[in-house]
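Structure at a glance
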Amino acid sequence: MKAKTEKTKTSNAIEILDRMAGDSPELKRLTEEARVNAAVAQLIYNARQEAGLSQTELAERIGSKQEVISRLEDADYDGHSLTMLQRIAAALGKQVAIAFQDVSKPRSKANHSKRLTPAHAG
């Protein structure tokens, strides 16, 4: 008699998406894109909140409109550009850091194999 493998229940949306993707490379790719878009949107939102700025105030600092900031903070938006992220970072007194991670290892903040910041670029 085969032992039944029981999955633990979770409310973690990322885990649920990973389970739904199963072995499908296309679903895994789409899930990862969605994860990145949501993470970037959340980073922008958090940095703006930390600076105590409204969307309108941040937009003025980067020479844009409130609607643009709203769109960038939307987890469903998939048009983030490095140039725009750098403009936002500069307006908030921050810098953009980009990391490559091994796909074979579980995701974690400590899993950055290389981090590229302006001081290391070039």
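Each remark here, short or long, concerns the structure printed above.
With respect to the overall build of the chain
Helix and strand content of the chain: 5 helices and 2 strands. A burial count over the chain gives 21% of its 122 residues as buried. Nonlocal contacts in the chain, meaning residues at least 24 apart in sequence, comprise 35% of its contacts between residues at least 6 apart. Carbon and sulfur atoms provide 54% of the accessible area of the chain, an area that totals close to 9300 Å².

Some words on the pattern of salt bridges
Inspection of every chain in the model, using the stated rule, returns 5 salt bridges. Linking glutamate 26 and arginine 29 is a salt bridge whose minimum nitrogen-to-oxygen distance equals 2.6 Å. With glutamate 26 and arginine 29 both in helix α2 (residues 25-50) and 3 residues apart, this pair spans about one turn of that helix. Given a relative accessible area of 42%, glutamate 26 falls into the partly exposed group. Arginine 29 sits in the partly exposed class, given a relative accessible area of 38%. Residue glutamate 33 is joined to arginine 29 by a salt bridge in which the shortest nitrogen-to-oxygen separation is 2.3 Å. Taken together, the residues glutamate 33 and arginine 29, both in helix α2 and 4 residues apart, mark about one turn of the helix. One salt-bridge network, in which partners are shared between bridges, spans Glu26, Arg29 and Glu33.

Here's the deal with the nonpolar core
In terms of nonpolar packing, the biggest core is built from 14 residues, with Leu58, Ile62, Ile69, Leu72, Met84, Ile88 and Leu92 touching the most fellow members. When residues of this core are traced back to their parent elements, those giving at least two are α2, α3 (55-61), α4 (66-72) and α5 (82-91). Beyond its immediate stretch of four places on either side in the chain, leucine 72 contacts Ala41, Ile44, Tyr77, His80, Met84 and Ile88.

Quick look at a nonpolar patch on the surface
On the surface, Ile14, Ile16, Leu17 and Met20 cluster together into a nonpolar patch covering about 340 Å² of accessible area. Position of methionine 20 relative to the elements: it lies in helix α1 (residues 13-21).

Thoughts on the environment of tyrosine 77
As for its position among the elements, tyrosine 77 is in the loop between α4 and α5. Judged by relative accessible area, which is 22%, tyrosine 77 ranks as partly exposed. On a C-alpha basis, the gap between tyrosine 77 and alanine 38 in space is 8.1 Å, while along the polypeptide they are 39 residues apart. In this structure, tyrosine 77 is in contact with Asn37, Arg71 and Leu72, ignoring residues within four places of it in sequence. A distance of 3.3 Å separates a polar side-chain atom of tyrosine 77 from the backbone oxygen of glycine 79.

Remarks on α5
Two residues of an α-helix separated by three or four positions point the same way, owing to the 3.6 residues in each turn. For α5, every residue scored as buried is listed here: Met84, Ile88, Ala89 and Ala91. Seen along its axis, α5 keeps its buried residues to an arc of 165°; they face one direction. Turned more than 90 degrees off the buried face of α5, the exposed positions are Thr83 and Ala90. For α5, the secondary structure elements touched by its buried residues are α2, α3 and α4.

Here is what the cut-offs are and how they apply
- Residues numbered from 1 in each chain as written.
- Predicted model: local features only at pLDDT ≥ 70, side-chain atom pairs only at ≥ 80, totals over all residues.
- Heavy atoms only, no water.
- Helix = DSSP H or I, 4+ residues; strand = E, 2+ residues; numbered from the N terminus.
- Buried < 20%, exposed > 50% of the residue type's maximum accessible area, 1.4 Å probe, protein only.
- Contact = heavy atoms within 4.5 Å.
- Areas by Shrake-Rupley, 256 points an atom, 1.4 Å probe, with all protein chains shown as cover.
- Salt bridge = Lys/Arg side-chain N within 4 Å of Asp/Glu carboxyl O.
- Core = buried A, V, L, I, M, F, W, Y, C linked by side-chain atoms within 4.5 Å.
- Patch = residues over 30% accessible without salt bridge, like charges linked within 9 Å, V, L, I, M, F, W, Y side chains within 5 Å.
- Polar contact = N/O pair within 3.5 Å; in protein donor to acceptor, adjacent residues only side chain to side chain.
- Arc of directions from axis to C-beta.

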